[in-house]
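Here is what each chain is made of, one letter per residue.
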Amino acid sequence: MTRDEFKDGLLQVMTQKEHWAWPAFTSGKVEKARLHVHLEQEYAVFVRDFPVLVGRAFVQCPIPEVRRELAENLYEEETGGLHAGKPHPELFLEYPKGLGFDVRRFADVILLPGAKHYRDTIDALTISRGWAIAAAVVTLFIEGTPHERSLFDPKAPPRPEPALGDHPLAKHYGLPLESLALTKAHRGVEGEHRLSAWKVMLDHVLEVERPATVDAMQQTLRAWLRYRDDVAEACGLVKP
Ligand SMILES: [Fe+2]
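Throughout what follows, the structure given in this document is the object of discussion. The structure presented is a predicted model; accordingly, all values stated were derived computationally and were not measured. (Residues numbered from 1 in each chain as written. Predicted model: local features only at pLDDT ≥ 70, side-chain atom pairs only at ≥ 80, totals over all residues. Heavy atoms only, no water.)

1. Quick notes on the overall build of the chain
So, step 1. A count of helices and strands for the chain gives 12 helices and 0 strands.
So, step 2. Dimensions of the chain, computed from C-alpha atoms along their principal axes, come out at roughly 50 × 40 × 40 Å.
So, step 3. Relative to its full complement of 240 residues, the chain shows a buried share of 48%.
So, step 4. Across the chain, the fraction of contacts at a sequence separation of at least 24, relative to all contacts at a separation of at least 6, is 78%.
So, step 5. Distance between charge centres in the chain, computed from 30 positive and 35 negative side chains, equals 3 Å. (Helix = DSSP H or I, 4+ residues; strand = E, 2+ residues; numbered from the N terminus. Buried < 20%, exposed > 50% of the residue type's maximum accessible area, 1.4 Å probe, protein only. Contact = heavy atoms within 4.5 Å. Lys, Arg positive; Asp, Glu negative; His and termini not counted. Charge placed at Lys NZ, Arg CZ, Asp CG, Glu CD.)

2. Some remarks on the pattern of salt bridges
So, step 1. Summed over all chains, the structure comprises 15 salt bridges.
So, step 2. Here D203 and K199 are joined by a salt bridge, their closest N and O atoms 2.7 Å apart. Here D203 pairs with K199, and both are found in helix α11 (residues 181-204), just 4 residues apart, close to one helical turn.
So, step 3. According to the relative accessible area criterion, K199 is exposed, its value standing at 53%. (Salt bridge = Lys/Arg side-chain N within 4 Å of Asp/Glu carboxyl O.)

3. Let's talk about the environment of F6
So, step 1. Relative to the elements of secondary structure, F6 occurs in helix α1 (residues 3-15).
So, step 2. Exposure remark for F6: the relative accessible area of 0% places this residue in the buried category.
So, step 3. Here the alpha-carbon distance between F6 and E209, two residues 203 residues apart in the chain, equals 10.0 Å.
So, step 4. Ignoring sequence-local partners within four residues, the contact set of F6 consists of M1, M201, L202, V205, R210, T213 and V214.

4. Looking at the coordination of the iron ion
So, step 1. Coordination of the iron ion by the protein is provided by E77 (OE), E77 (OE), H88 (ND1) and H186 (NE2), with metal-donor distances spanning 2.2 to 2.7 Å.
So, step 2. Coordination geometry of the iron ion: the 4 donor atoms subtend angles of 51 to 168° at the metal centre, consistent with an arrangement described as irregular.
So, step 3. The sequence motif formed by the donor residues of the iron ion is E-x10-H-x97-H. A residue pair is termed long-range when its members are at least 10 positions apart, and E77 in helix α5 (residues 64-79) and H88 in helix α6 (residues 88-92) qualify at 11 residues. Just as E77 is buried, H88 falls in that class too. (Donors = N, O, S within 2.8 Å, 3.2 Å for Na, K, Ca; no water. Tetrahedral: all angles 85-135°; square planar, octahedral: opposite > 155°, others 65-115°.)

5. Details of the nonpolar core
So, step 1. In terms of nonpolar packing, the biggest core is built from 69 residues, with Y118, W131, F141 and I142 touching the most fellow members.
So, step 2. Discounting residues that sit within four places of it in the chain, I142 has contacts with K17, F46, F50, L53, Y118, I122 and V137. (Core = buried A, V, L, I, M, F, W, Y, C linked by side-chain atoms within 4.5 Å.)

6. Section: the packing of helix α3 (residues 32-47) against helix α12 (residues 210-234)
So, step 1. The interhelical angle for the contact between α3 and α12, taken along N-to-C directions, is 155°, at an axis separation of 8 Å. When the axis of α3 is compared with that of α12, the two are roughly antiparallel. Handedness of the crossing formed by α3 with α12: right-handed. Contact with α3, carried on its side by R34, V37, H38, Q41, E42 and V45, involves Y227, R228, V231, E233 and A234 of α12 and no other residues of that element. (Axes fitted to C-alpha atoms, helices over the stretch in contact; angles between N-to-C directions. Parallel < 35°, antiparallel > 145°, perpendicular 65-115°, else oblique. Left-handed = near helix turned anticlockwise from the far one by under 90°.)

7. Observations concerning the packing of aromatic side chains
So, step 1. Considering all chains together, one arrives at 7 aromatic pairs under this definition.
So, step 2. Ring geometry for Y118 and Y227: centres 5.2 Å apart, planes at 10°, overall stacked. Residue Y118 is found in helix α8 (residues 113-127), and its partner Y227 is found in helix α12; the two are separated by 109 residues along the sequence. You'll find Y118 and Y227 in the same group, each marked buried.
So, step 3. Among the aromatic residues, those joined into a ring-pair cluster are Y43, F92, Y95 and F106.
So, step 4. Here the guanidinium or amino end of R228 rests over the ring plane of F25, the centre of that ring lying 5.4 Å away.
So, step 5. Directly above the aromatic system of Y227 lies the positively charged group of R228, at a separation of 5.3 Å from the ring centroid. (Phe/Tyr/Trp six-rings, centres within 6.5 Å; stacked < 30°, edge-to-face > 60°. Lys NZ or Arg CZ within 6 Å of the ring centre and 35° of its normal.)

8. Looking at the environment of F58
So, step 1. Structurally, F58 can be placed in helix α4 (residues 50-59).
So, step 2. The class of F58 is partly exposed, set by a relative accessible area of 28%.
So, step 3. Sequence separation of F58 and E69 is 11 residues, and the distance between their C-alpha atoms is 9.0 Å.
So, step 4. Those residues within four positions of F58 in sequence are excluded, and the remaining contacts are R67, L70 and A71.

9. As for α1
So, step 1. Its 13 residues place the ends of α1 18 Å apart at the C-alpha level, agreeing with the 18 Å of an ideal helix rising 1.5 Å per residue.
So, step 2. Of the positions making up α1, those classed as buried are F6, G9, L10, L11, V13 and M14. (Expected span 1.5 Å × (residues − 1).)

In structure tokens:
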């Protein structure tokens, strides 16, 4: 597998990171009374432990240059010390707080079956399958969007970035703008951060590791789609 084929295999997975129910979340069609399910599952399935997931790639990586990138990502996620000012998992909780939800529920969330399967898949792929697979799953898949291609191709549709006041949680659910600190922090570093995540993978994953890395991304995508099906159902949405 050449570098270009590898890049294309990874991008193809990312392009498919779209779920039928997402437009219902961004257009206010999910009842506010059920929205907490989505936020709780996201938090428990990966947001809370995201710094640890980055750490799993870090500890398995023999390449100092890559480790430095991962260490910077881990440090920012765990402390907010470079940009956000606060740990990202903590900033995430500003969403439910701002929406008036009971944040105590976030302390022990019971994962939906699809969420449990997604988390098991993430664990299986990040704990002992080597840094390349761990970094792909965490820094490309989990942190990435279906719009990754636009990082390389100016003709590809870019990630939509509505003004903060038009953020779906603000626009449809009345979230105060100051509760969007995490969104702001992510936007501030997004472009550069995404590109360096890709550069690490494309420059350092060995040719022999590439096919298994793309396979792991496909496996993650399948588990993610099932997870989002379960969240959609729990939020009262029916697949068209
Ligand atoms: Fe983050």
